[in-house]
Every structure is written in C-alpha cells, then in structure tokens.
Amino acid sequence: MSMSPARKRYTLRLAAAMAAFLATFALAEYGIDRKQIGAVAAAVLALLPGLCVTAVFWALGRYLVEEKDEFRRMLLVREILISTGITMTVVTIWGFLAEYRIVPYGHAFYPIWLFFFAQGIGGIVNRLTYGDSGAC
Amino acid sequence: MENRLRVLRAEQGWSQQQLADKLEVSRQSVNAIETGKYDPSLPLAFRIAELFGLAIEQVFVSPSRRSSGAI
C-alpha cells in the first residue's frame, strides 16, 4: 500500500515528536534529578516532554485535515474513536477503584500511553471489519 | 451499498490501482467501495459516475429500491 503525501508528513511529524520527547525526557531526568538547575528551569524542563507528546495529537489532527482520501480519513476517525473509548473506559473504572483504595492511583500520563496502545487495537478492528488498518 | 463498480471497471480493462489513480484515491478505497464495505461520499460517487459517463443510479443501487425489490 503506497503512503499518501499526507501520511508521509504525519509519519515525519510523529518521528520528530518522539525524537524530541526522548531528548527532552532524558534532559529532564538528568537535569532535574541531579538538582543542577533552579526551580524555574526545572519547571520548563518538566514541561518539555509533555509538550512533545501533545505534538502527536497535533500531528493526528493535521493528518485528518490534510488526507485527501476519505476512506483513509474514515479509518483514522474510527481508530481514534475506538482508542478514546478504551482509554476513557479504563480511566473511569480505574479512577473509581482507586477512589475506594482497591488499586493505587496511577501517574496522570499513563492514559496517554494507553491511548497510543489502544490506537493499535483500533487498527486491528479496522483490519477485521474493513480489511484495512489504514496504517499506510 | 451494492454497486456495479467492479463490472464497470472490468469492462474498461482497468485494475483497481488504475481506477484509484484516475479517481485520486487509494486502491484500498476502490476495493472497499467495490465490496460494499464503504459507501463513498456524494462528491466521490459523482466522480465515479462521471468517470464512466453514467448517472449515479447506474453505478450505485439505491438501498431503498433494493429493499423494496424494485431492482
């Protein structure tokens, strides 16, 4: 399956965001944990990895806008809806379980990784129902 | 939605990829439409019909007419 120009741009943006995330995360881990910087600089460093991850959502949005193929757009929308549904379900149930101390509270950024993982499940559902995951 | 796209394409001797290129969509889109898994938008349905020089209803079967047994 050939990659559309919009998909190529999305892939490049995704790779850039992930590379920036890894670099800023390493920087924050190194700088903040060793207490080599002040409070303001630490706050800025702590912000950067999160901003890099949110760039992935921007890239997803741009791909939806730029993709000319309506079938591929539909597949991505389905993927995001399935992923959002799974994430919201898990977060809601986990939240109530944590509220009553059945399970521990988790980090606030765990749902983001769950969302990305669930996108893969959305792709599998697309493949099973439409014969195409829309991955290219 | 049931349609005659596969037959019309075969009559022209086009592959799915060739038809996709003419419509400026992916081959997967053509396949999904041909197999009835995906209903194209009205603009794309018009593009398909115009490519074959036909009216939309000569390419796509109306679901309501289909269920009433009119076709």
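Residues numbered from 1 in each chain as written. Chains lettered and ligands numbered in written order. Predicted model: local features only at pLDDT ≥ 70, side-chain atom pairs only at ≥ 80, totals over all residues.

A. Representation of the overall build of chain B in the model. Assigned secondary structure in chain B consists of 6 helices and 0 strands. N-terminal to C-terminal, the α/β element order of chain B is α-α-α-α-α-α. Seen through its C-alpha atoms, chain B measures out along the principal axes to roughly 35 × 20 × 20 Å. A total of 71 residues make up chain B; the buried ones form 27% of that total. (Helix = DSSP H or I, 4+ residues; strand = E, 2+ residues; numbered from the N terminus. Buried ≥ 20, exposed ≤ 12 C-beta atoms within 10 Å, placed from the backbone.)

B. Quick look at the overall build of chain A. Tallying secondary structure elements over chain A gives 4 helices and 0 strands in all. Each helix and strand of chain A, ordered N terminal to C terminal, gives the series α-α-α-α. Expected size for 136 residues packed as a compact globule is a radius of gyration near 14 Å; at 18 Å, chain A overshoots this value by more than 25%. The dimensions of chain A, computed from C-alpha atoms along their principal axes, are 50 × 40 × 20 Å. Across the 136 residues in chain A, those meeting the buried criterion constitute 14%. Sequence separation of 24 or more characterises 68% of the internal contacts of chain A that already satisfy a separation of 6 or more. (Rg over C-alpha atoms; globule rule 2.2 N^0.38 Å. Contact = placed C-beta atoms within 7 Å.)

C. Unusual backbone geometry, seen in detail. In this model, Arg101(A) sits at a positive phi of 60°, which is unusual for a non-glycine residue. Here Arg101(A) shows up in the loop between α3 (70-99) and α4 (110-130). Here Glu24(B), not a glycine, exhibits a phi torsion of approximately 60°, which is positive. Structurally, the position occupied by Glu24(B) is in the loop between α2 (16-23) and α3 (27-34). A residue is classified by how many C-beta atoms lie within 10 Å of it, and Glu24(B), with 11 of them, is exposed.

D. Focus on the interface of chain A and chain B. Each side of the interface is counted separately: chain A has 10 residues, and chain B has 10 residues. A total of 3 residues in the side of chain A that touches chain B trace back to one element, the largest contributor, which is α3(A). Of the residues that constitute the side of chain A that touches chain B, the class distribution is 3 nonpolar, 2 polar and 5 charged. (Nonpolar A, V, L, I, M, F, W, Y, C, P; charged D, E, K, R; others polar.)

E. The confidence of the model for chain B, seen in detail. Residue and element names in this part refer to chain B. For chain B, per-residue confidence averages 91 on the pLDDT scale, and 92% of positions sit at 70 or higher. Within chain B, the element-level pLDDT minimum falls on helix α6 (residues 63-67), averaging 73, and the maximum on helix α4 (residues 42-51), averaging 97. At the level of chain-chain contacts, confidence expressed as ipTM amounts to 0.85, with global pTM at 0.85. (pLDDT = per-residue confidence, 0-100.)

F. Expanded view of the nonpolar core. Counting residues in hydrophobic clusters, the biggest one holds 17 residues, and the most contacted among them are Phe71(A), Leu5(B), Val30(B), Ile33(B) and Val59(B). Secondary-structure elements contributing two or more residues to this core are α3 of chain A together with α1 (5-12), α2 and α3 of chain B. Once you skip the residues sitting within four places of it in the chain, Val30(B) turns out to touch Gln16(B), Leu19(B), Ala20(B) and Val25(B). (Core = buried A, V, L, I, M, F, W, Y, C linked by C-beta atoms within 7 Å.)

G. View of the domain arrangement of chain A. All names here are of chain A. When the domains of chain A are assigned, the result is domain 1 (1-68) and domain 2 (69-136). The C-alpha centroid of domain 2 is placed 20 Å from the C-alpha centroid of domain 1. Listed per partner, the contact involves 10 residues of domain 1 and 7 residues of domain 2. Here the residues of the side of domain 1 that touches domain 2 are counted per class, giving 6 nonpolar, 1 polar and 3 charged. (Domains from an automatic or database assignment.)

H. View of the packing of α2(B) against α3(B). Residues and elements named next belong to chain B. Close contact between α2 and α3 brings their axes to 8 Å; oriented N to C, the two are set at 105°. Relative to α3, α2 is oriented roughly perpendicular. Of the residues in α3, those touching α2 at Gln16, Gln17, Leu19 and Ala20 are Arg27, Ser29, Val30 and Asn31. Counted by class, the contact of α2 with α3 contains 3 nonpolar, 4 polar and 1 charged residues. (Axes fitted to C-alpha atoms, helices over the stretch in contact; angles between N-to-C directions. Parallel < 35°, antiparallel > 145°, perpendicular 65-115°, else oblique.)

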